[in-house]
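Inside the fold
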Amino acid sequence: MSHAGSKCNLVPLGNDPSILRASISGYLDRYYEDFGTNSLKLTLSTLALEHIVRLHRIMCFHRGDVLMIGRVGTNLQALAKLALYMSGFEVLSSDMRLSRAGTVFDILRSGFRRAGLEGIGCALVLTDVDLEDPAVVDAVNAVTVCGELPLLLSNDELQGLLQSLVSRIKHDFPNYDADLMEYFTARVRRHMRLILCLADNNQLLTSHVHLYPGLISGLNMLWVVDWEKKFSD
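This text gives an overview of the structure that appears in the document. (Residues numbered from 1 in each chain as written. Predicted model: local features only at pLDDT ≥ 70, side-chain atom pairs only at ≥ 80, totals over all residues. Heavy atoms only, no water.)

This part covers the overall build of the chain. Assigned secondary structure in the chain consists of 10 helices and 5 strands. Residues classed as buried in the chain amount to 50% of the 233 residues present. Sequence separation of 24 or more characterises 75% of the internal contacts of the chain that already satisfy a separation of 6 or more. Split by element, the accessible area of the chain, about 11800 Å² in all, is 52% carbon and sulfur. (Helix = DSSP H or I, 4+ residues; strand = E, 2+ residues; numbered from the N terminus. Buried < 20%, exposed > 50% of the residue type's maximum accessible area, 1.4 Å probe, protein only. Contact = heavy atoms within 4.5 Å. Areas by Shrake-Rupley, 256 points an atom, 1.4 Å probe, with all protein chains shown as cover.)

And the structure:
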């Protein structure tokens, strides 16, 4: 498992689950040290560990965007944030409640800059509430389908970013006349992750699914069952 912007150091499961639990517990302790003990409410049950491993593996590969589906109480955001932390991705949305499409677009704009220009691993975590605005869903659908979002960046801003990549693209492709926009888009897709956390009864998964095909075809789907009600260690 490797990603240019991440630290994919997860200890393999092997034949000793206790090693895996100790490794992930260590990441959780460091998360608390960095962001405070109230920043993440997560119990490392056996099933939670399995989902964290799956998330971590998905995120560490190219096009590692994820659609997480679960019932209320399965703590999807907490699982995603710990897996992102383990993988070395900066969560752009932090703990803020996104209530306006403009806020989401501001964070996406920041993500495009950091991933496309600086090559920094970053992620945007969105929930049911964030995706109530059709404009936000349209944006996510566009990014998952083609890796671009028209009008997200002004023409002057985009041209400035592309010009900043000239020396880097010449270094990466010294004998090839590569397209700057394609190069920028490829870097965004390589270094930025979209994580959607939806309840299993969300309309985006039922009656509206045909309107946004990128949510299904462009994301790795992970079903998270409610282990607190159905399972016990």
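Now that the structure has been shown, we can carry on.
Moving on, we get to the nonpolar core. In this structure, Leu108, Leu131 and Phe184 are the most contacted members of the largest nonpolar core, which totals 38 residues. Of all the secondary structure elements, the ones that give two or more residues to this core are strand 1 (66–70), helix 4 (101–118), strand 3 (122–127), helix 5 (134–146), helix 6 (155–164), helix 8 (180–191) and strand 4 (192–199). The dominant element in this core, judged by the number of residues it contributes, is helix 5, at 6 residues. Dropping the residues within four chain positions of it, phenylalanine 184 is found in contact with Phe112, Gly116, Leu117, Leu153, Leu158, Leu161, Leu162 and Leu165. By size, the runner-up hydrophobic cluster in this structure holds 34 residues, among which are Ile24, Ile52, Leu55 and Ala80. (Core = buried A, V, L, I, M, F, W, Y, C linked by side-chain atoms within 4.5 Å.)

Let's shift gears to the packing of aromatic side chains. Tallied over the entire structure, the rule returns 5 aromatic pairs. Taken together, a centroid distance of 6.1 Å and an interplanar angle of 75° make the contact between phenylalanine 35 and tyrosine 85 edge-to-face. In this pair, phenylalanine 35 is assigned in helix 1 (residues 17–35) and tyrosine 85 in helix 3 (residues 76–87), connecting sequence segments 50 residues apart. An aromatic cluster of at least three residues, connected via ring pairs, comprises Tyr31, Phe35 and Tyr85. Across the ring face of tyrosine 27, the terminal group of arginine 30 is positioned such that the distance to the ring centre comes to 4.6 Å. (Phe/Tyr/Trp six-rings, centres within 6.5 Å; stacked < 30°, edge-to-face > 60°. Lys NZ or Arg CZ within 6 Å of the ring centre and 35° of its normal.)

You can see serine 39 is positioned in the loop between helix 1 and helix 2 (46–59). A relative accessible area of 13% means that serine 39 is categorised as buried. A polar atom in the side chain of serine 39 sits 2.5 Å from the backbone oxygen of glycine 36. (Polar contact = N/O pair within 3.5 Å; in protein donor to acceptor, adjacent residues only side chain to side chain.)

Quick look at the pairing of strand 1 now. Within strand 1, 5 of the 5 residues are buried, leaving the element largely enclosed by the surrounding structure. Side-chain alternation along strand 1 places Val66, Met68 and Gly70 on one buried face and Leu67 and Ile69 on a second face that is also buried. Sheet topology note: the strand 1/strand 4 ladder contains 5 bridges and is parallel. Note that in strand 4 the partner of methionine 68 across the bridge is cysteine 197. Inspection of the sheet shows strand 1 paired to strand 5 (residues 220–224) by 5 bridges, in the parallel sense. The residue of strand 5 that forms the bridge with methionine 68 is leucine 222. (Pairing = 2+ DSSP bridges.)

Two measures define how a pair of helices packs: the angle their axes make with one another and the distance between the axes. It is the contact of helix 1 with helix 3, at a shortest axis distance of 10 Å, that shows an interaxial angle of 95°. If you check the angle between helix 1 and helix 3, you find them roughly perpendicular. Residues Ile24, Tyr27, Leu28, Arg30, Tyr31, Asp34 and Phe35 of helix 1 form the contact with helix 3, whose participating residues are Lys81, Leu82, Tyr85 and Met86. (Axes fitted to C-alpha atoms, helices over the stretch in contact; angles between N-to-C directions. Parallel < 35°, antiparallel > 145°, perpendicular 65-115°, else oblique.)

On to helix 3, then. The end-to-end C-alpha separation of helix 3 is 17 Å, in line with the 16 Å expected for 12 residues at 1.5 Å each. Where burial is concerned, most of helix 3 is hidden: 11 out of the 12 residues are buried. Taken as a whole, helix 3 has its buried residues at Leu76, Ala78, Leu79, Ala80, Lys81, Leu82, Ala83, Leu84, Tyr85, Met86 and Ser87. (Expected span 1.5 Å × (residues − 1).)

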